[in-house]
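The lines below spell out each chain.
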Amino acid sequence: MAAAAILPELATQVLIPVAAAVGIAFAVLQWVLVSKVRLTPERRADGGAAKSGPSDYLIEEEEGLNDHNVVTKCAEIQSAISEGATSFLFTEYKYVGLFMGIFAILIFVFLGSVEGFSTESQPCHYSEGKTCKPALANAIFSTIAFVLGAVTSLVSGFLGMKIATYANARTTLEARKGVGKAFITAFRSGAVMGFLLAASGLLVLYIAINLFGIYYGDDWEGLFEAITGYGLGGSSMALFGRVGGGIYTKAADVGADLVGKVERNIPEDDPRNPAVIADNVGDNVGDIAGMGSDLFGSYAESSCAALVVASISSFGINHEFTPMVYPLLVSSVGIIACLITTLFATDFFEIKAVSEIEPALKKQLIISTVVMTIGIALVSWLGLPYTFTIFDFGVQKTVQSWQLFLCVAVGLWAGLIIGFVTEYYTSNAYSPVQDVADACRTGAATNVIFGLALGYKSVIIPIFAIAFSIFLSFSLAAMYGVAVAALGMLSTIATGLAIDAYGPISDNAGGIAEMAGMSHRIRERTDALDAAGNTTAAIGKGFAIGSAALVSLALFGAFVSRAAISTVDVLTPKVFIGLIVGAMLPYWFSAMTMKSVGSAALKMVEEVRRQFNTIPGLMEGTTKPDYATCVKISTDASIKEMIPPGALVMLTPLIVGILFGVETLSGVLAGALVSGVQIAISASNTGGAWDNAKKYIEAGVSEHARTLGPKGSDPHKAAVIGDTIGDPLKDTSGPSLNILIKLMAVESLVFAPFFAAHGGILFKLF
């Protein structure tokens, strides 16, 4: 028997919940610091822990504007955005809750029927001669885990949205003191969401494992098979959050842009535009609540995939708790590493100029990766035996602890590479986006051609990075290596989410500045924050897509093992038809979500035009528009339109598994993974590039940009059209595709016992 890990079980049992508690406490501290910025005119805004000094005067004082009115207006707008976002999420959660109940019953019935709802112990699937807990127990605990994952995902998304809507006006007010103060407020608010989500996801999973363990005892195979329901619950809710939120935000955004900016030639976020509140609400429900649920789902699934494989390896056979929960130890150290990293942005250095914003955010990625590499080395040394075996498709493969360290590290650094490649292709500081902006000289058509070409080209390096990660991690530690590589990419999730949430908060801050009639200089500062946020949002999507590829491959490996498929032969008709249908699914899904945005945007455009044409004094600014109708259009459209794409993803594995069997389903999963990753990366980057090409022209910071501008010029109008086409690509279809490939894989794994026992009805008949 191999030597045990250095870290004793008791220390592990303490370390994981303490790391989660520290993460939650840090999130609360950041929230307290943000809350010190007052939204009442009686008390002057105070940046809390931010440095204050003689430069702390307000721009309004310098320009003789009424400070009282500005603060009151900001508070009113923030309240309207918060109410709209809360109302939408509650409506969405009612429908999603109904689905959750129905699907929970399905899980129980399907898994319970594997052994005819027997309460007798059954032979273990992987360990011959041993008995495991009955299938009915697996059904009950998988259902509980599913509900736990779903609820955690919903709460994560909702809290993220509440924090973002709490912080947006505060960021606007801090911009009066300087860009550094506004940046710290926006980033701290993002950090609240990042740490809250990472820590709560870890804590709930840890508690579930310990509580389920009371019943399962030594049956770790059964325990972690049941725990996979946690990942399924998290991703199911993420799908509806991403699709519903994405349709909501883009319907409002497209409607606001096409009528306001192109037809009426009024600025973005102008208070005269009826769709402007719905647009700002959408930023929160799509980019904050949706992204939060999405990355939580990735984290839950990668942890579950690693735990399932580990439970049937030497860790599980020898009942070694510390090495068994190695994935949770990696996540625990990730929280501490991200905490140290965050201090570099908020406390150790101060941003003094607009040009320092994007480098500061990039440094967050680099610092967190370097610190986390040291953390992984430490955890691998303390938490793993020097030599152990990993389950590898029916045999046990001998692995050493340093090899597992390399697997996690390669995933971590591949994430950084994907992040930087995404930044290169979507930031207007580099030539690809500047070329797209330059193409606007000759109209919208050339802008679209250049943007599509950029998106396709941007796929190359991320795919090579993912391919190298898969090859190295699989060579070293089979499917367990791939699972922990995915976990490595997500180990800095707290920093990644902080950077990602910073974007929509800054975007909202700019919108509030415009609507409150604040000075042009403040709008310049919020625009600079927003432009950096667009790039970081694209980086966040790159991380999510890259990790989804690794996660779904690890889940695919676990599914193939559980379904007792020894090899997946693409030359057999059963597998090949699955492969070609699976490769088609991301296109079908994208068509559904794109069309949903288009039809919702059509209603929005008609309503905005109606209001401009029929409400007297609206264009002159003497009458307020009817914001509520536009909010209702977005809400109704997104709730109605999110159901068909969601049903496509959730029902495909069930239909294929039951009718065609596990071999065809394995082909479907492989096909969806291969084509879904490509489309997701190109769609996200194309949309991000078009958005920043438009901002490049609007900002006019270089001589080249000034030749294309100003706002309202023909090149600018062409850039707005490109941005409008890119909106559903980068915020609806692209980010939702990574959930499609993960969700189908984890759902197949959860239902694998049923498919293996009763699947392939059609092939049995003929």
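Within each chain, residue numbers correspond to sequence positions counted from 1 in written order. Reporting of local features is limited, given that this is a predicted model, to residues whose pLDDT is at least 70; pairs of side-chain atoms are given and counted only at 80 or more, and all residues count toward the totals for whole chains, interfaces and linings. Side-chain metrics in this entry use all non-hydrogen atoms of the structure; hydrogen atoms and water are not considered.

1. Overview of the overall build of the chain
Alright, step 1. Each helix corresponds to a stretch of at least 4 residues labelled H or I by DSSP, and each strand to a stretch of at least 2 residues labelled E; elements are numbered beginning at the N terminus. In terms of regular secondary structure, the chain is built from 25 helices and 4 strands.
Alright, step 2. Using C-alpha atoms as the atom set, the radius of gyration is obtained and then compared with a globule rule of 2.2 Å times the number of residues to the power 0.38. Taken over the C-alpha trace, the chain has a radius of gyration of 25 Å; the compact-globule value for 766 residues is 27 Å, and the two agree within 12%.
Alright, step 3. Throughout, a residue-residue contact means that at least one pair of heavy atoms, one from each residue, lies within 4.5 Å. Looking at the chain alone, contacts between residues at least 24 apart form 85% of all its contacts between residues at least 6 apart.
Alright, step 4. Method for areas: the Shrake-Rupley scheme with a 1.4 Å probe, in which residue coverage is limited to the protein chains shown. Of the roughly 25900 Å² of accessible surface on the chain, 67% is carried by carbon and sulfur atoms.

2. As for the pattern of salt bridges
Alright, step 1. In the sections that follow, a salt bridge refers to a side-chain nitrogen of Lys or Arg positioned within 4 Å of a carboxyl oxygen of Asp or Glu. For the structure on display, the rule yields 22 salt bridges.
Alright, step 2. Here Lys 742 ties to Asp 294 by a salt bridge, and the two come within 3.0 Å at their closest N and O atoms. Residue Lys 742 is found in helix 23 (residues 714–750), and its partner Asp 294 is found in helix 7 (residues 276–311); the two are separated by 448 residues along the sequence.
Alright, step 3. Here the term buried applies to any residue with accessible area under 20% of the maximum for its type, exposed to any over 50%, and partly exposed to those in between, with areas from a 1.4 Å probe on protein chains only. By relative accessible area, Asp 294 is classed as buried at 0%.
Alright, step 4. Among the charged side chains, a salt-bridge network with shared partners connects Lys 250, Asp 253, Asp 530, Asp 691, Lys 694, Lys 695, Asp 723, Asp 727, Lys 730 and Asp 731.

3. Concerning helix 15 (residues 460–490)
Alright, step 1. Helix span, as expected, comes to 1.5 Å for every residue beyond the first. An ideal rise of 1.5 Å per residue puts 45 Å on 31 residues; helix 15 reaches only 21 Å between its terminal C-alpha atoms.
Alright, step 2. The reported bend at a residue is simply the angle between two axes, fitted to the 7 residues ending at it and to the 7 residues beginning with it. In the structure, helix 15 departs most strongly from a straight axis at Ala 477, where the bend amounts to approximately 135 degrees.

4. Points about unusual backbone geometry
Alright, step 1. The backbone of Ala 478 shows a phi angle near 50 degrees, a positive value even though the residue is not glycine.
Alright, step 2. Relative to the helices and strands, Ala 478 resides in helix 15.

5. Some thoughts on the environment of Tyr 425
Alright, step 1. Mapped onto the elements of the fold, Tyr 425 is located in helix 12 (residues 401–426).
Alright, step 2. Its relative accessible area of 10% is what places Tyr 425 among the buried residues.
Alright, step 3. With 92 residues separating them along the chain, Tyr 425 and Val 333 place their C-alpha atoms 31 Å apart.
Alright, step 4. Beyond its immediate chain neighbours, meaning those up to four positions away, Tyr 425 contacts Pro 432, Val 433, Leu 454, Lys 457, Ser 458 and Ala 689.

6. Focus: the packing of aromatic side chains
Alright, step 1. Note on aromatic pairs: the rings of Phe, Tyr and Trp (six-membered ring only in Trp) are paired at centre separations within 6.5 Å, and the planes decide the class, stacked below 30 degrees, edge-to-face beyond 60, tilted for the rest. Within the structure shown, the criterion is met by 24 aromatic pairs.
Alright, step 2. Ring centres 5.8 Å apart and planes at 15 degrees place the aromatic pair Phe 183 and Phe 187 in the stacked group. Placement of both Phe 183 and Phe 187 in helix 5 (residues 179–216) is noted, with a separation of 4 residues, approximately one turn of the helix. When sorted by exposure, Phe 183 lands in the same class as Phe 187, which is buried.

7. Description of the packing of helix 17 (residues 520–562) against helix 21 (residues 662–699)
Alright, step 1. What counts as an axis is a line fitted to C-alpha atoms, over the stretch in contact for a helix, and the angles between N-to-C directions run from 0 to 180 degrees. With their axes 10 Å apart at the nearest point, helix 17 and helix 21 run at an angle of 175 degrees to one another. Here helix 17 is positioned roughly antiparallel relative to helix 21, judged by the angle of their axes.
Alright, step 2. For the contact of helix 17 with helix 21, the class distribution of residues is 14 nonpolar, 6 polar and 4 charged. Any angle that falls under 35 degrees is termed roughly parallel, while one over 145 is termed roughly antiparallel, one within 65 to 115 roughly perpendicular, and all others oblique. Polar here means any residue outside two lists: the nonpolar Ala, Val, Leu, Ile, Met, Phe, Trp, Tyr, Cys and Pro, and the charged Asp, Glu, Lys and Arg; Gly therefore counts as polar.

8. Here we look at the nonpolar core
As a rule of thumb, soluble globular proteins bury nonpolar side chains together.
Alright, step 1. Only buried residues count toward a nonpolar core, which is a set of Ala, Val, Leu, Ile, Met, Phe, Trp, Tyr and Cys residues joined through side-chain atoms within 4.5 Å. Counting 229 residues, the largest nonpolar core has Phe 183, Tyr 326, Ile 357, Tyr 480 and Phe 559 as the members making the most contacts within it.
Alright, step 2. Broken down by element, this core gets its largest block of residues, 21 residues, from helix 5.
Alright, step 3. Setting aside chain neighbours within four positions, we find Phe 183 in contact with Ala 345, Ile 351, Ile 357, Ala 360, Leu 361, Tyr 502 and Leu 529.
Alright, step 4. Val 421, Val 433, Val 436 and Trp 690 belong to the second largest nonpolar core, which has 19 residues in total.

9. Section: the pairing of strand 4 (residues 395–400)
Each regular strand shows side chains that alternate between the opposite faces of the sheet.
Alright, step 1. At least two DSSP bridges between two strands are needed for those strands to be called paired. Note: strand 3 (residues 387–392) against strand 4, 6 bridges, orientation antiparallel. Within the sheet, the bridge partner assigned to Phe 391 lies in strand 4 and is Gln 396.
Alright, step 2. Between the end of strand 3 and the start of strand 4, which pair antiparallel, lie 2 residues, with Phe 393 showing a positive phi angle near 50 degrees.

10. Some details on the environment of Ile 460
Alright, step 1. By the secondary structure assignment, Ile 460 is in helix 15.
Alright, step 2. Classification of Ile 460 by relative accessible area gives partly exposed; the value is 44%.
Alright, step 3. Taking the C-alpha atoms as reference, Ile 460 lies 9.7 Å from Ser 682; in sequence the two are 222 residues apart.

11. Things to note about the environment of Val 631
Alright, step 1. As for its position among the elements, Val 631 is in helix 19 (residues 627–641).
Alright, step 2. Taking the relative accessible area as the measure of exposure, Val 631 reaches 17% and is therefore buried.
Alright, step 3. Through-space distance from the C-alpha of Val 631 to that of Glu 9 is 52 Å; in sequence the pair is 622 residues apart.

12. Focus: the confidence of the model for the chain
Alright, step 1. When pLDDT is averaged along the chain, the result is 85; 95% of the residues meet or exceed 70.
Alright, step 2. Of all secondary-structure elements in the chain, the lowest mean pLDDT belongs to helix 2 (residues 59–63), at 45, while helix 14 (residues 444–457) reaches the highest, 95.
Alright, step 3. Predictor confidence is given residue by residue as pLDDT, running from a minimum of 0 to a maximum of 100. Under a pLDDT of 50 for its full length, residues 43–57 has, in the predicted model, 32 contacts with residues more than four places off or in other chains.
Alright, step 4. Below pLDDT 50 for its whole length, residues 59–65 participates in 17 contacts with residues either more than four positions away or in separate chains.

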